[in-house]
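One letter stands for each residue in the lines below.
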Amino acid sequence: MNGISEILGINFVVIGPTLALLFTTLVLLFCTITISTPVYVKKYISFVGILITLFTIFLKFGLFARDGITSYFSEKILLDEFSLVGNVLIGLVLLLTFNSFWKTSEVIDNKTTEALILILMSASGFLLMVDAENFIMLFIGLEIGSISLYALAGLNRGDQLSNEASLKYFLLGSLASCILIYGVALLYVSLSISGVYETSIAISFIGPDNVPLTSLIGLIMILVGLLFKVAAAPFQAWAPDVYQGSPTGYVGYMAAVAKASSFIVLARLSAISLRFILDKFDLFFTAIVILSVLAGALFATNQTDIKRLIAYSGVIQSGFILSGISFGVYGISASIFYLITYIIQLIGVFTVFSIISGQLSSDFKISNLSGLFKENKFLTVTFSIFMLGIAGLPLTSGFVSKFILITNLWSYEKYLIVTVLMLTTVAGFYFYLRPIWVAAIEKTDNSIGKIKISISDKVLLGFMAALTIYFGLLPNTLVNITRWMVENYL
Amino acid sequence: MFEVTTDWYLTLSAILFSIGFFGMMIRKNALIMFMCIELMLNAVNLTFISASKHFGQIDGQIAVFFVLVVAAAEVVVGLAIIVSIFRKQSSASVDVLNVSRG
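Cut-off values and rules
Residues numbered from 1 in each chain as written. Chains lettered and ligands numbered in written order. Predicted model: local features only at pLDDT ≥ 70, side-chain atom pairs only at ≥ 80, totals over all residues. Heavy atoms only, no water. Helix = DSSP H or I, 4+ residues; strand = E, 2+ residues; numbered from the N terminus. Buried < 20%, exposed > 50% of the residue type's maximum accessible area, 1.4 Å probe, protein only. Contact = heavy atoms within 4.5 Å. Areas by Shrake-Rupley, 256 points an atom, 1.4 Å probe, with all protein chains shown as cover. Lys, Arg positive; Asp, Glu negative; His and termini not counted. Charge placed at Lys NZ, Arg CZ, Asp CG, Glu CD. Phe/Tyr/Trp six-rings, centres within 6.5 Å; stacked < 30°, edge-to-face > 60°. Lys NZ or Arg CZ within 6 Å of the ring centre and 35° of its normal. Buried area = accessible area lost by both parts, 1.4 Å probe. Salt bridge = Lys/Arg side-chain N within 4 Å of Asp/Glu carboxyl O. Polar contact = N/O pair within 3.5 Å; in protein donor to acceptor, adjacent residues only side chain to side chain.

**Here we look at the overall build of chain A**
Per the secondary structure count, chain A includes 20 helices and two strands. Taken over 490 residues, chain A has a buried fraction of 66%. Within chain A, contacts between residues at least 6 apart in sequence are counted, and of these 82% link residues at least 24 apart. Total accessible area on chain A is roughly 17,200 Å²; 69% of this is exposed by carbon and sulfur atoms. If you average the places of the 27 positive and of the 26 negative side-chain charges in chain A, the two averages end up 9 Å apart.

Shown next, in the form of structure tokens:
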């Protein structure tokens with residue numbers, strides 16, 4: 001018995017986090033259907049489920065320390081540095097957004113359990129996605145995660161914007177999935193492979209110069225499918241509408257989890273599958289990076305809705321992160337650093353929004369922030385820290401991440417991209433500082449009254465703001481972690 | 001006279017995928033766009049099956065099962081979303097979805 005499961009590589013610790021989340025959703029479903037459970041019990045169940053998930057992620061570190069990089073389930077699931085960091089990131093996103101998505105689920109009428117189940121299922125799908133070695137597995141994980149997110153965007157059914165966001169997200173997201181899976185099929189047709197490591201082995205076997213055009217197109221289609229999910233231009237059209245229309249309490253989670261997992265997968269593809277032919281994709285990546293930062297900056301300047309502004313800023317940040325991923329291993333470590341710090345700021349910004357404008361609101365104008373500073377000092381200060389972090393002001397983590405990224409690109413001699421990125425950073429201060437100006441400095445007659453913040457929100461916001469400052473002053477720990485992540489792939 | 005080789009199937013699936021893709025770009029009706037997505041997924045299935053038959057491997061055929069399951073799941077969620085919009089404005093055209101723009 002033991003022999004067979006060892007040969008097949010069946011190991012339940014590796015998919016432990018996914019199983020833990022799945023089990024939590026089943027318990028929630030059971031509690032809703034059979035016995036009428038009070039709402040706070042559901043809260044504890046889902047919170048304990050997330051804690052157990054974090055514990056199983058911790059167990060994976062033990063397995064990794066013992067066995068190193070290993071494939072499981074007959075080369076379907078991979079345990080390497082990328083999957084560990086991806087797991088930790090998704091666990092962190094769940095933990096940091098738990099408060100805001102719980103509050104949103106509480107006020108959404110009669111759909112508390114549905115919302116929780118959708119969120120936990122999507123997290124389990126994305127966990128599967130960052131663990132996947134086989135591309136089919138990657139596709140399934142991506143779909144489990146995304147389909148839950150489509151439904152989550154439209155959960156506030158009374159609101160027309162929410163419906164609209166859901167349909168747009170669904171149509172464009174499915175198109176991206178179709179493109180991705182057709183890329184996998186083309187790769188299978190041309191080289192009879194469908195795995196991350198198989199790709200690099202096949203390419204080194206036939207030689208980088210003899211790679212058939214079909215498999216190059218296939219790889220590009222896989223990359224396009226993933227770039228859709230991170231909203232890099234020219235595939236960014238869905239992001240502003242979805243961010244604007246979805247219930248504010250969920251947007252932080254939706255944006256962060258999709259970005260984190262897709263970028264981890266992109267980093268792994270770039271470090272392993274494409275390592276011998278990365279220079280063939282130079283033009284593709286350069287075009288996407290420059291388009292993303294320019295289109296994001298161009299559209300962000302004239303937004304009146306602040307959630308759309310953050311969406312377009314997300315397009316710019318995608319360009320930044322992608323620029324590191326696409327040009328080599330040191331760039332990948334810089335990008336992962338950028339990704340981690342950006343996700344903390346993103347979640348922080350959306351937590352502030354959901355506190356100010358209510359959990360279910362879809363529209364949120366910049367002018368709604370006016371006079372925030374008068375009565376709500378804490379909210380304004382944390383909001384400003386997050387915005388300045390995204391903008392990249394010194395003393396915040398945003399500056400350090402941009403600095404590391406650009407110095408790395410400089411050493412790869414990508415002068416064109418460096419110039420564009422620097423200019424965008426400077427231009428970005430205009431639209432990042434405007435909401436802060438409206439909230440804190442501009443004089444206004446109808447300022448926002450005192451907003452009650454719960455203790456948990458206060459602790460969370462303080463923690464995220466402290467992290468933003470901490471990584472800006474002492475980035476060494478995180479830099480070492482990201483260096484450790486890539487040192488096997490040099 | 002004509003021998004039907006794997007190439008024919010692959011070409012057919014590429015044509016089907018392109019039809020789905022351009023339909024997605026051109027058509028405005030959400031249901032038609034939805035059908036285009038299904039068409040593209042089935043083109044992927046055809047590619048997998050013909051390649052699998054060509055190589056004499058089982059991998060591609062297994063992949064088809066997974067793609068089919070995913071397509072079914074997408075149908076469920078997608079139709080639910082379209083129905084919930086249709087109830088509000090009695091039209092499935094994406095032209096009326098113009099509240100959020102900028």
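**A few points about unusual backbone geometry**
All names here are of chain A. For the peptide bond that leads from Ala 233 to Pro 234, omega is 0°, which places it in the cis range. Along the chain, Pro 234 turns up in the loop between α9 (213-229) and α10 (238-245). A positive phi angle, near 60°, is found at Ala 231, a position not held by glycine. Following the sequence through the fold, Ala 231 ends up in the loop between α9 and α10. The exposure class assigned to Ala 231 is buried, which follows from its relative accessible area of 2%. For Leu 395, which is not a glycine, the phi torsion comes out positive at approximately 80°. Relative to the assigned elements, Leu 395 resides in the loop between α16 (377-391) and α17 (397-411). Leu 395 gets classed as exposed once you look at its relative accessible area, which sits at 57%.

**A look at the packing of aromatic side chains**
Tallied over the entire structure, the rule returns 29 aromatic pairs over all chains. With centroids separated by 5.3 Å and ring planes inclined at 35°, the aromatic side chains of Phe 82 of chain A and Tyr 489 of chain A adopt a geometry described as tilted. With Phe 82 of chain A in helix α4 (residues 81-107) and Tyr 489 of chain A in the segment after α20 (476-486), this residue pair connects regions lying 407 residues apart in the sequence. There is no split in this pair, since Phe 82 of chain A and Tyr 489 of chain A are both buried. Through successive ring pairs, a cluster of aromatic residues spans Tyr 150, Tyr 169, Phe 170 and Trp 238 of chain A together with Phe 34 of chain B. For Lys 377 of chain A, the ring lying beneath its charged end belongs to Phe 373 of chain A, and the centroid distance is 4.9 Å. We note Lys 402 of chain A situated over the ring of Phe 320 of chain A; from NZ or CZ to the ring centre the distance is 4.9 Å.

**Some thoughts on the interface of chain B and chain A**
Contacts between chain B and chain A engage 45 residues on the former and 36 residues on the latter. Together chain B and chain A conceal approximately 3,400 Å² of surface at their shared face, both sides included; 76% is due to carbon and sulfur atoms. At the surface where chain B touches chain A, the tally comes to zero salt bridges. Taken together, the connections running from chain B to chain A amount to four residue pairs in polar contact (both at pLDDT 80 or more). Per-element accounting of the side of chain B that touches chain A gives the leading share, 17 residues, to helix α3 (residues 59-89) of chain B.

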